[in-house]
Structures are given as structure tokens and as C-alpha cells.
Amino acid sequence: MVNVLKHFAIFESGKRYTFAAFVVAVLVCAPLLSLMFEAVQGSIGHWGHLLTYVLPHALWNTILLLLGVGFVVTFLGTGAAWLVTAYDYPGRRFLTWALLLPLAVPTYIIAFTYLDILHPIGPIQGLIRDVLGYSSPREFRLPDIRGLWGAILLMGVVLYPYVYLTTRFMFLTQAASVVEAARVLGETPRGVFLRVALPLARPAIVVGVTLALLETLNDVGAAEFLGVKTLTLAIYTTWVTRSDLAGAAQIALSMLFIIVFLLHFEKRARQRQRYSLVQRMRPMTPTVLKGRHIALAWVLGVIPIAFGFLLPAGYLVVQVFKRMGQQTGFSTSLIQASFNTLTIASVATVLTVTLGLIVAWAARRVRDSANEQSLGKLFSRLASLGYAVPGTVLAIGLLGPLLLIDQGIEWVLGLAQYKVTTLIVLGSTAGLLMAYVIRFLAIANGSIEAGLARIPPSIEQASRLLGESSSRTLWRVHIPLLKPAMISAALLVFVDTMKELPATLMLRPINFETLATLLYGEASRGMYEEGAVAALMIVLLGLLPVILLARAQQRSV
Amino acid sequence: MKFHSQHLYSKEHFKTKYLASKKAFLVGALYASTLFLAFAPTASFAATPTNEVNLYTTREPKLIAPMLELFTANSSIKVNTVFVKDGLIERVKTEGTKSGADVLMTVDIGNLLDLVEAQVVQPVNSKILNEAIPAYLRSSNNDWFALSLRDRVLYANVGSGIQSFEYESLSDPKFKGQVCIRSGQHPYNIALIAAMIAHNGEAATETWLRGVKSNLARKATGGDRNVARDILGGICNIGIANAYYAGQMKSALAGSEQRAWGDAIKVIQPTFKKTGGTFVNISGVALAKSSPNRENAVKLMEFLMSDAAQALYADTNFEYPVKAGVKVNAVIESFGILKPDTMPLTEVAKYRKRASELVDQVGFDQ
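Residues numbered from 1 in each chain as written. Chains lettered and ligands numbered in written order. Predicted model: local features only at pLDDT ≥ 70, side-chain atom pairs only at ≥ 80, totals over all residues. Heavy atoms only, no water.

### Here's the deal with the overall build of chain B
Scanning chain B from terminus to terminus reveals 16 helices and 10 strands. The buried share of chain B, taken over its 366 residues, is 57%. A total accessible area of about 14900 Å² is found for chain B, and carbon and sulfur atoms account for 58% of it. (Helix = DSSP H or I, 4+ residues; strand = E, 2+ residues; numbered from the N terminus. Buried < 20%, exposed > 50% of the residue type's maximum accessible area, 1.4 Å probe, protein only. Areas by Shrake-Rupley, 256 points an atom, 1.4 Å probe, with all protein chains shown as cover.)

Next up, the structure:
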């Protein structure tokens, strides 16, 4: 087969990957194009209303939210990464992986658990009232967390691990020699961090912050619970309450500009990584802490874990135990949903990482001097766009293309005299899988591309000179070298797929529930305490990959 | 290849070769299982007729589960449910003639009319349905039918001493900082605001909405139950919510959180100044245009109008049955005798879009 294909120029060894990347890019762009089509059909009159009353405020809110979350995740993520790489103290290894735990908590879960925990009749304010001697919340209560500030803090506290992951890796692999040189030259610990490590880690920080901000943009649940009118929420309400799909598509497309800007920023940051030291991958020697400094390190390290994981997860555990008596513990629907979640998340992960690898390989740098924008690079950028589209929008955009695929299948099978009576893609999990792949390809692609960037082109050149083909080089040389990057990509994709809600709600087939949709069903009845079991399951199932992720990073150094 | 041949028989080579093939096998197995898992659930439903019925619903599945179970028990027709929170129309429309959808169920008059407008439904000529449902609660073309009624009421702090209330008074400055309500863009509120436009006109409604906005105690967000909880939490004194939630909370297990919220509020049926009626919305059902199991679908729809199913609407959902003669739940009855507003819902629905725009204009959710 391959030999036949070789006759066509485009399938010539390297080009095959470019072609594959092109197909993937088309797949990712299909929902966007279908949205554009939808948007053009919209009336200008609507646009006027949106422009006057909706967009300015939503845009302003979104910008503030992004700035706020960006600041919080940078602060927490970088600080935490430095804390576990630059210093040594008992329990450092524990903190190293525990700091990733909040990654298992989706934004909608953190929002609703904190609404409960911090409610005037919740446990914390109740305790405060008891201590202060008040009997009713009408006498004393704390300010409401619903609002922009609440959203910034709550999202920041679960999204910082994205920055922590990338930055810690940078500190571990790149910082050793420069940090040690700075120390030898008499720089203070603060100076080492601010003047040496931080500038060095800037590309890594930007990559992590971009991921966190894209997650923020995708969120609907937390913003809704906390009453923050973001662009994403505006898209949602325009579509749902005004049945104005065209208007929603118009806002969605304008939101793409923010995203393209973010991604551009990220790419530029990553380009700088090229100048990093590739050969010397060794961790720096940490400063050994003593006495009260150990306690301080612990306090600083535990704070984000406590707010991002321990408190919400602990609250869910308590809620589940409270309800054990009232209800039958694990219902069959819950077990089925857990199984579905694990299955579809695994499949989506394998597909996403494979395609991510192909796209990244097509876009790789073959020569040291290569500076030109190759087609592969363009496709890789396009393929990353899916992450930028909120799940809801992506799902609507996908309906049209999926139908086309179904019609295509029907036509082909019709030629074979086979009569199709069902929607093969749209009516099965295949459509949902496609949505996951499109949405999370950027994570896989980004991670693998970053991994590839650390492998000097000379390695590939050597392999090719020794007679290996491009594919064999990928298989025998690069994949083994990329293993850590691929593993962390896979784990991130897995966790994200498992948490995904809006697209799952729209595209899942009949009788197919995941934990997230089950939880949402409970939550939308306003009975979200009963969804506590499902929420806890999401968090628990997310824990395993998170721990594996931490271990993978540990080993890769 | 040349380079390899040098140590063709070496142990080293055997090892790499063996390991490579093992790796290839493992990767192959991974993809094979991926493909299998991806398409295994595909055969879950077909648009071919079976002794089943496919229900697409925007209603939370657990609320309607008791009726569906009873239906299956009586008819041995299996009901498959898809809970589509949003995008019901888009989904059914896209699925087109191959859609598995038989019955479409949703809440709010506007959503039902949208289904008709999107041409995804077909009329049902059923004597049973027409006799059970009063004419104003079904479409004149028989393409949608109301199943239950839900009044949008005032939750007041039990200590507030409020005995009666007019929707118009929500904007009264004396309630400054005391009002809780969910997002203005939520269909329940949109319908209420649309009714306000139908009653008092657009300009008056805008002024009213600005007044309500400035009376809010917190952001317009959360669900209807949160109104009760926030009243208990001292955040607000009054709020607007659907009555059946109060029914659920007030009959929740004694000692549970829900019960505490329910006990903190008093339910008052507010009225419009002009008509003296309380705003009532509906939940309803329609037959999907391409329904593959049409007969079963109609059976299900007719079953939902049976006394038994209507009684379930009253007792498990705390809604008002549409069928005359079926009793309301005692807790709901304790809220008073419902006097529905005389403004026709189809008239109210006309102002839905305008209502949604007004919510944006006054920055209600901001």
C-alpha cells in the first residue's frame, strides 16, 4: 500500500505526515467553518444589540477574569514549582506530587463545593458565628463569593497545576547550571529566583498560563454558578434563551480572536525554548532547609493543595457519607457511568495523542537553520484551534460536519447495496470522540511539540544519514525520547476528557451517561448534594492519572 | 540495514528485534482495543421500529423517571431517554429523517413553540389527549401538549409578614438589597418578564426590571432552590422561584438540608396588577416529526395524560396536573388556591425575545 502511495508526490516520505496533518487540521477546522457559515446567516440587527449591550461587558469581564486567573496561576504555579525544586526538606517529594492534585478537580465542581462550604449556613461561616457568639446569619455573615473575585480565586486554585507542571519541568531540566553559577557568584536566594530562574522559566510559564486561560475560557459551569457573565456564557445564553444560533456563532468567532492571540503568544514563548540547553539535563542542587524554614515551606506548599483539593474533596467525602444512610450507595447507573467515562476517556486519549504526535512530527524542525513557516507548522497551528472553542460551541459546530460524514458513509455503503438506517457517527460515541479529539488535540500536540523542540535536529539527521526512513526514525529514535512528553500529554488529555461536560451533554448517544453528565443532571435538579457521589468519583478517577503524571515527571529527570 | 547486518546474530540484535516486535504488538493491541471500544456502543439504538420508544427530553431524567417506569410496567414498552439539556432542536434537526427521536419533552411554552417553528414535530390527533387537556393548554394544530402547570411564585422569609404580593412590587425600593433571583436569562424568568411586557408594555417593564435589578441582594444566578437557601442564610428576604421546588423542599426528609431551606420560606402566589392572576408556565410534550416508533410514542403521550401519570406529576414533581379531577399535592394545596393569569401563554411567548433583550439592556445579570 505504502509503495503504491509513494508514487504520489504528496505521500513522499516526509510529506505523508504533512498530508496527515492537513487532514487533522481540516477535521479541527470543520466545526469552525460550519460556525462561520452559521454566523454569516445571522442578521446584522442582532449583532447591533449584542455589540451595544452584551459584548462590551462580557468582554470586559472575560478580560478581567483572564488577567486575574493568569496572575493567580502564575503566582501559585511558579512559586510552587520553585518551592519543590530549589529547596530540600523532609516531605518535599510528597509535596511535589501533591501539588498536582487540584488538577483532578473540575472548575464546575470547585465552584459548587465552595458555594456550599462558604455559604452563610455552611460549615465555615457556622463555625465563625459560633466562635463570635452570633446565633443567626442575619446578625453576621461574610461577603458573598459569587462574583468576579470569587471566580478568579476559585479557578486559579484548581488551574495553577498547568503552570506548575511546565515550570517545574523547566526548573528541573534547564536551571541547574545557571542557578548554580548565580549562587556561586553571590546572588541572594531571592535574586536567584527573580533574576535568574524566573526569566529562564518565562517560556514555560507562558505555556502553562495559556493552558490555564484556555480552560478558563471554556468554563461555563463555574461562571454560571458564580454569576460572572463571560463571553462563553454570553454565547450560551444567546443560543439557548434566544434560540439565536447565528448570534452565538458570531460571538464565538469573535472570541476566537482572543484565543488566536493567546496561542500566538504561547508559540512565541515556545520558540524561545530553542535556545535552551538541551544536553545538560540535570536537576539543580536544592538548598537544604532547616528548622522553622521547613515549617514555612510546608505551609506555603500546603496552602494551594488545601484550597484546591483537600477542602473541596473533603467536603464531598463528608457529603457522600452523610447520604450513605439515606440512599443506596452505588447505583447501577453510577457504575455504568464510571465505566463509560473510563472507556471513552481512554479511547479519546489514545486517538488524541496519536494524532498529536503525527501533527507535531509534521511540524518539526528538520534543520537547525529552519526558520521558514512550513506547511506542517501551519497545520499544527490550525489543529490547535479546537482547544480554544468552548465545548458547547464546538458541539454545535460539529453537528453539521458529522452529518456530512454520516451521509458520506451512507453513500459509500449504498454503493455496496447496504441500506443504512442509523446515524453511524452522530448516533454513536464516534461523534463524541471526534469532539474530544478536536478539543484536546492542542494539549497533546503542544506537549509533544515542546518535547520535540528539546531534541536537536542533529539526532534525526544522524538517523536519516544512517539509512533509517522518516517513520522508522520517529518510531525508533524520537518516540522513545518523547515518551515523557507523550505520557504527560496522555494523562492531561485523559483527565480533561473525563471532566469534559458541555460537548458531552450535546453529542452523547442515547442511554450514554458519563460521570460528568450524571453529576450535571443531579446538579440541574438543584440537588447537587446528591451529585456529590458523581463529583467525588470524577475527582477520584482523575487522581490516578494525576499521580502517574507526577511520577512520570519525576522519572523523566 | 547494512549497519545492522554486522551483528546479525549477536545477542544484542536479537534483543532489540524481539523487543521491537513486542512493542509493535503492544501498540497494535492498544489501537485494536481502541477501535473496538470506540464503536462497540454504536449499535445502541436504531431508527428502525422496535418495541421501544425514544424520548428526548430537556427535563431532568429523575423527575420523569417514575412516570416512565410506570409506563413500561403497564405496556412493556421500553423507554430510552436522552437527556439533552440544551440543543434539543439542533440535535433533532441535524439527525433529520434518521433521528431516533420519538417523543420530545421540554419545559416552558417558548421551548415548545420553538420545536414547532423548527419543524421537528408532527401533529397527533388523539381523542384521549384532546379530552384530557383544556384547549388553552395545547396547540390548536395538535402539535404540542401541556403535561403539567408550574406557577412562578414569591418565596418570603417566614418572619417577613408578607401576606400578598404583586409582581410589580418587586421593583419597590423598600425591598432594596432584599431580593434573590436566578439569572434573568433563564427561560423561567424570561417567560415571567415576557408576561410582564404583555401586561404592562415594554417601557414599563424596562423600568420595573431596572428596579428589580437595583433591589437584588446578590448576583442573579444559581437555581430556584438557592433562593430559599439564601433566605435561610440571611442574604435576602424575598425571591422569585417556581412553586414546585418549595413543595419538594418542604416535603424533604425532616432534618435534611433541603427541609431546612424549605422551612425557612413562606410561599406566596403573587399576582399581576391588571388581572389578579398568578403567572403559570407549562411543561409539555410533542411527537417528533420522523418518529420511528410512532404508535408507541402516541401511547406514551396518552399514558402521560392518564390519571395515574398525572397524579405522579402532582405527587412526585409537586406540579399542577393539567387534567381536571386529578388532585394536587397537599403541600402545594397549602400554598393557596391557584388563580392562573388569564393572559394566554401563546401571547406571552411572543415577547420572549424582547424580554431576553431587555435583560441584557438593563444589565440584569451583570
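Now that the structure has been shown, the text picks up again.
### Quick notes on the overall build of chain A
Looking only at helices and strands, chain A has 22 helices and 2 strands in total. Residue burial in chain A is summarised as follows: out of 557 residues, 58% are buried. Sequence-distant contacts in chain A: of pairs separated by 6 or more residues, those separated by 24 or more amount to 83%. Of the accessible surface of chain A, which amounts to about 22800 Å², a share of 69% is contributed by carbon and sulfur atoms. (Contact = heavy atoms within 4.5 Å.)

### Some points on unusual backbone geometry
Residues and elements named next belong to chain B. Even without glycine at this site, Ser76 takes up a positive phi of about 55°. Checked against the element boundaries, Ser76 lands in the loop between helix H3 (61-75) and strand E2 (78-83). The phi dihedral of Asp108 is positive, around 80°, even though this residue is not glycine.

### Section: the packing of helix H7 (residues 148-174) of chain A against helix H9 (residues 189-218) of chain A
To characterise two packed helices, one gives the angle between the axes of the helices and the distance between these axes. All names here are of chain A. Closest axis-to-axis distance for the H7/H9 pair is 8 Å, and the angle between their directions is 140°. Taken as axis vectors, H7 and H9 run oblique relative to one another. The element H7 and its partner H9 pack so that their crossing is right-handed. Per-class residue counts for the contact of H7 with H9 are 17 nonpolar, 5 polar and 1 charged. (Axes fitted to C-alpha atoms, helices over the stretch in contact; angles between N-to-C directions. Parallel < 35°, antiparallel > 145°, perpendicular 65-115°, else oblique. Left-handed = near helix turned anticlockwise from the far one by under 90°. Nonpolar A, V, L, I, M, F, W, Y, C, P; charged D, E, K, R; others polar.)

### Here we look at the pattern of salt bridges
All told, the structure shown has 29 salt bridges over all chains when counted by the stated rule. A:Glu410 is the salt-bridge partner of B:Lys98, the closest N and O atoms lying 2.9 Å from each other. Of this pair, B:Lys98 sits in the loop between helix H4 (88-95) and strand E3 (103-107) while A:Glu410 sits in helix H16 (residues 391-415), which puts the two residues in different chains. Under the relative-accessibility criterion, B:Lys98 is labelled buried at 17%. (Salt bridge = Lys/Arg side-chain N within 4 Å of Asp/Glu carboxyl O.)

### Quick look at the interface of chain B and chain A
Contacts between chain B and chain A engage 67 residues on the former and 73 residues on the latter. Between chain B and chain A, the buried area comes to about 6300 Å², and carbon and sulfur atoms account for 57% of it. Interface area lost by chain B to chain A is led by B:Asp86, B:Lys98 and B:Arg229, which between them contribute 10%. In this structure, the connection of chain B to chain A is made through 4 salt bridges. With a shortest N-O distance of 3.6 Å, B:Asp365 and A:Lys229 are connected by a salt bridge. The interface formed by chain B and chain A contains 12 residue pairs in polar contact (both at pLDDT 80 or more). Contributing elements (two or more residues each) for the side of chain B that touches chain A: helix H1 (2-5), helix H2 (11-39), strand E1 (52-57), E2, H4, helix H9 (224-232), helix H11 (257-263) and helix H16 (352-361) of chain B. Each residue belonging to the side of chain B that touches chain A can be placed in one class, and the counts come to 24 nonpolar, 22 polar and 21 charged. (Buried area = accessible area lost by both parts, 1.4 Å probe. Polar contact = N/O pair within 3.5 Å; in protein donor to acceptor, adjacent residues only side chain to side chain.)

### Brief notes about the state of the cysteines
Residue and element names in this part refer to chain B. In total, this model carries 1 disulfide over all chains according to the counting rule given. With its sulfur 2.1 Å from that of its partner, Cys180 forms a disulfide with Cys236. Looking down the S-S bond of the Cys180 and Cys236 bridge, the torsion is -100°, so its handedness is left-handed. Of this pair, Cys180 sits in strand E6 (residues 179-180) while Cys236 sits in the loop between H9 and strand E7 (238-242); the two residues are 56 residues apart in sequence, bridging distant segments of the chain. For the pair Cys180 and Cys236, one class covers both residues: buried. (Disulfide = S-S within 2.5 Å.)

### A closer look at a nonpolar patch on the surface
The grouping of A:Leu296, A:Val299, A:Leu300, A:Ile303, A:Phe307 and A:Leu311 at the surface amounts to a nonpolar patch, some 510 Å² of accessible area in total. Among the structural elements, A:Leu300 can be located in helix H13 (residues 292-324). (Patch = residues over 30% accessible without salt bridge, like charges linked within 9 Å, V, L, I, M, F, W, Y side chains within 5 Å.)

### Things to note about the domain arrangement of chain A
As a measure of interface size, the accessible area lost when the parts come together is often cited. All names here are of chain A. The assigned domain composition of chain A is domain 1 (35-321) and domain 2 (339-508). Here domain 1 and domain 2 have C-alpha centroids that lie 25 Å from each other. Counting from both sides, the interface comprises 34 residues of domain 1 and, opposite them, 30 residues of domain 2. For the pairing of domain 1 and domain 2, the buried interface totals around 2800 Å² over both sides, and the portion due to carbon and sulfur atoms is 65%. Between the two partners, domain 1 and domain 2, sit 6 residue pairs in polar contact (both at pLDDT 80 or more). When residues in the side of domain 1 that touches domain 2 are grouped by element, the largest group, 11 residues, is from helix H12 (residues 245-272). Looking at the side of domain 1 that touches domain 2, its residues break down into 24 nonpolar, 6 polar and 4 charged. (Domains from an automatic or database assignment.)

### So, the nonpolar core
Within soluble globular proteins, side chains that are nonpolar generally end up buried alongside one another. A:Trp82, A:Ile109, A:Phe171 and A:Leu507 are the most contacted members of the largest nonpolar core, which totals 181 residues. Among the domains, domain 1 (35-321) and domain 2 (339-508) of chain A are the pair contributing at least three residues each to this core. Residues within four places of A:Trp82 in sequence aside, it is in contact with A:Tyr87, A:Phe171, A:Val179, A:Val192, A:Phe193, A:Ala197 and A:Met284. B:Ile162, B:Leu170, B:Trp261 and B:Val362 belong to the second largest nonpolar core, which has 112 residues in total. (Core = buried A, V, L, I, M, F, W, Y, C linked by side-chain atoms within 4.5 Å.)

### Brief notes about the environment of A:Ser254
Positionally, A:Ser254 belongs in helix H12. Considered as a pair, A:Ser254 and A:Val157 are 97 residues apart in the sequence and their alpha carbons are 28 Å apart.

### Side note on the confidence of the model for chain A
Across chain A, the average pLDDT comes to 82, with 89% of residues at 70 or higher. Here residues 4-12 of chain A scores under 50 on pLDDT; set against residues more than four positions off or in separate chains, the count is 8 contacts. (pLDDT = per-residue confidence, 0-100.)

### A word on the pairing of E2(B)
Residues and elements named next belong to chain B. Pairing of E1 with E2, which is carried by 6 bridges, proceeds in the parallel orientation. By the bridge assignment for E2, Leu55 is matched with Thr81. In this view, the connection linking E1 to its parallel neighbour E2 by way of H3 has right-handed handedness. (Pairing = 2+ DSSP bridges. Right-handed = clockwise from strand over helix to strand, strands pointing away.)

### Some points on the side chain of A:Thr230
All names here are of chain A. Locating Thr230 in the fold gives a position in the loop between helix H10 (221-226) and helix H11 (231-240). Residue classification places Thr230 among the buried residues on the basis of a relative accessible area of 4%. Beyond its immediate stretch of four places on either side in the chain, Thr230 contacts Ala58, Thr62, Leu65 and Ala223.

### A look at the side chain of B:Asp360
The residue B:Asp360 is located in helix H16 in this model. Residue classification places B:Asp360 among the buried residues on the basis of a relative accessible area of 10%. There is a polar contact of 3.1 Å between the side chain of B:Asp360 and the side chain of A:His49. With sequence-adjacent residues up to four places away left out, B:Asp360 is seen in contact with A:His49, A:Tyr53, A:Val54, A:Arg242, B:Gln185 and B:Gln366.

### Quick word on helix H17 (residues 429-453) of chain A
Because each turn of an α-helix spans 3.6 residues, side chains separated by three or four positions in sequence point in the same direction. Residue and element names in this part refer to chain A. Under the 1.5 Å per step criterion, the end-to-end length of H17 is 34 Å for 25 residues, consistent within 8% with the ideal 36 Å. Maximum bend of H17: about 50°, positioned at Phe440. Counted residue by residue, H17 has 24 buried out of 25 residues, so it is predominantly covered. The N-cap of H17, judged by a side-chain oxygen 3.0 Å from the amide nitrogen of Ala430 a few residues on, is Ser428. (Expected span 1.5 Å × (residues − 1). Bend = angle between axes of the 7 residues up to and from the residue.)

### Regarding the environment of A:Leu426
Relative to the helices and strands, A:Leu426 is located in the loop between H16 and H17. Residue A:Leu426 is classed as buried on the basis of its relative accessible area, which comes to 4%. Among all residues touching A:Leu426, those that are not within four sequence positions of it are A:Leu399, A:Leu402, A:Leu403, A:Asp406, A:Leu507, B:Thr94 and B:Glu95.

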